[in-house]
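# Results of the structural survey
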Amino acid sequence: MSVSPAALKADKPRGRVSSALFTAFLFFSIGVGIFTLGALLIQVIGKGYRFTDLVLLLEPPSADPQIAGARPAILATIYLGLLLIAFTVPIGVGTAIYLEEYANRDRWYNRVLEVNIQNLAGVPSIVYGILGLAFLVRGLGLGRVLLAGAMILTLVVLPTVIIAAREAIRAVPDSIRQGAYALGATKWQVVWRQVLPAATPGIATGSILALSRGLGETAPLLLVGALTYVAFDPTILGDFTALPVQIFQWTARPQEDFRILAASGIIVLLVIVLSLNAVAILLRNRYQRKW
């Protein structure tokens, strides 16, 4: 079926208008997001820079906003991040390797596993907090300790890490695998020495971005016992708070100075999260390969 030149000319103006409108809508949406984020950052930095000092970083919370700090919350956030890496990366990468390199997709349990991972990535974090309260804190008897909080955050970000690792492994060209097999390598040697090194940039980027998300979660930590007032340094099997919880507690106080402290805490949390994102970008740019 042929199309006349007249018909093509008649369609062009309408196509140009639709394309221009859609492009304008996209730029408008981006502009709204950037403007909103910029306004929030300016407000937070403008209000919180006064209390962003060594007192905030090195002192425990206090009823006096002039000497109140967030050292226990900052330390607990760092501990949570380290535990998240220790729990999430081996489990997430191992699951991704199994699903991409070893799993038989004709088996029903592998299909069920894939579907569940996709669905769990969209579950609200508060649901994980409820499950953690029921099964970890009360069921296993861990108590409301930092370890329980780290395990809950692991469940929150684990689907994201698995999906990112699977995409990174899937992006490795199959010719690399076939070449290794042709040289006599075993399945595990191909995965360990060829596939994983090539997929490391994508795995590292996805893991760090998931970690950044986990460090900003508040609801699951509240349910597993992150206290609003902890004046001592946290331990893995002891009471704890986290920086998002500390910020939430300060914003609930009626004094204006505590709200300024909350803005200072937000600045510290932003620095931590943005630093992790910067590391992810550096790793991606440093080790990224073009096939």
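Everything below is about the structure printed above this text.
None of these values were measured; they are calculated from a predicted model.

### Comments concerning the overall build of the protein
- In terms of helices and strands, the protein carries 11 helices and 0 strands.
- Traced from its N-terminal end to its C-terminal end, the protein shows the element sequence α-α-α-α-α-α-α-α-α-α-α.
- For a compact globule of 291 residues, the expected C-alpha radius of gyration is about 19 Å, and the protein comes in at 24 Å, more than 25% above that figure.
- Expressed as a percentage of its 291 residues, the buried residues of the protein come to 39%.
- For the protein, contacts bridging at least 24 residues in sequence account for 71% of all contacts bridging at least 6.
- Separation between the mean location of the 24 positive side-chain charges and that of the 15 negative ones in the protein comes to 11 Å.

### Digging into empty space enclosed by the protein
- Applying the stated rule across the entire model yields 1 cavity of 30 Å³ or more.
- A volume near 30 Å³ is recorded for the largest cavity.
- Lining the largest cavity are Thr77, Leu80, Leu153, Gly214, Leu215, Glu217, Leu221, Ala242 and Pro244.
- Of all the secondary structure elements, the ones that give two or more residues to the lining of the largest cavity are helix H3 (71-102) and helix H8 (187-215).
- When its residues are assigned to classes, the lining of the largest cavity shows 6 nonpolar, 2 polar and 1 charged.

### Details of the nonpolar core
- If you look at the biggest cluster of nonpolar residues, it comprises 30 residues, and the most contacted ones within it are Leu80, Leu146, Leu221 and Phe240.
- It is helix H6 (residues 146-170) that provides the largest number of residues to this core, a total of 9 residues.
- Apart from residues lying up to four places away in sequence, Leu80 is in contact with Leu146, Gly149, Ala150, Leu153, Leu215, Leu221 and Ala242.
- Phe51, Leu56, Leu243 and Trp250 belong to the second-largest nonpolar core, a separate cluster that totals 16 residues.

### Regarding the packing of H3 against helix H10 (residues 243-251)
- Relative to each other, H3 and H10 sit at 150°, their axes nearing to 8 Å. Counting all contacts with H3, which are made through Ala73, Ile74 and Thr77, the residues of H10 involved are Leu243, Pro244 and Gln246.
- Residue composition of the contact of H3 with H10, grouped by class: 4 nonpolar, 2 polar and no charged.

### Considerations on the pattern of salt bridges
- With the rule as written, the count across this model stands at 10 salt bridges.
- Ionic pairing is found between Arg71 and Asp233, a salt bridge with its closest N-O pair at 2.8 Å. One end of the pair, Arg71, is in helix H3; the other, Asp233, is in the loop between helix H9 (219-223) and H10, and 162 residues separate them in sequence.
- The salt bridge involving Glu114 is made with Arg166; its shortest N-O contact spans 3.4 Å. Linking Glu114 in helix H4 (residues 108-120) with Arg166 in helix H6, this pair joins segments that are 52 residues apart in sequence.

### Here's the deal with the side chain of Glu100
- Along the chain, Glu100 falls in helix H3.
- Given a relative accessible area of 15%, Glu100 falls into the buried group.
- Among the polar contacts listed, one links the side chain of Glu100 to the side chain of Arg166, at a separation of 2.8 Å.

### Notes on the packing of H10 against helix H11 (residues 256-287)
- Following both chains from N to C, one finds H10 and H11 inclined at 160°, their axes separated by 8 Å at the closest point. Considered as vectors, H10 and H11 are oriented roughly antiparallel to each other. In terms of crossing hand, the pair formed by H10 and H11 is left-handed. Residue-level inspection shows Leu243, Pro244, Ile247, Trp250 and Thr251 of H10 in contact with H11, the latter providing Phe258, Arg259, Leu261, Ala262, Gly265, Ile266, Val268, Leu269 and Ile272.

Scoring rules and cut-offs
Residues numbered from 1 in each chain as written. Predicted model: local features only at pLDDT ≥ 70, side-chain atom pairs only at ≥ 80, totals over all residues. Heavy atoms only, no water. Helix = DSSP H or I, 4+ residues; strand = E, 2+ residues; numbered from the N terminus. Rg over C-alpha atoms; globule rule 2.2 N^0.38 Å. Buried < 20%, exposed > 50% of the residue type's maximum accessible area, 1.4 Å probe, protein only. Contact = heavy atoms within 4.5 Å. Lys, Arg positive; Asp, Glu negative; His and termini not counted. Charge placed at Lys NZ, Arg CZ, Asp CG, Glu CD. 1 Å grid on protein atoms, 1.4 Å probe; cavity = no way out; pocket = protein on both sides within 12 Å on 5 of 7 lines; lining within 4 Å. Points joined across faces, edges and corners; volume = space filled by probe spheres on them. Nonpolar A, V, L, I, M, F, W, Y, C, P; charged D, E, K, R; others polar. Core = buried A, V, L, I, M, F, W, Y, C linked by side-chain atoms within 4.5 Å. Axes fitted to C-alpha atoms, helices over the stretch in contact; angles between N-to-C directions. Salt bridge = Lys/Arg side-chain N within 4 Å of Asp/Glu carboxyl O. Polar contact = N/O pair within 3.5 Å; in protein donor to acceptor, adjacent residues only side chain to side chain. Parallel < 35°, antiparallel > 145°, perpendicular 65-115°, else oblique. Left-handed = near helix turned anticlockwise from the far one by under 90°.

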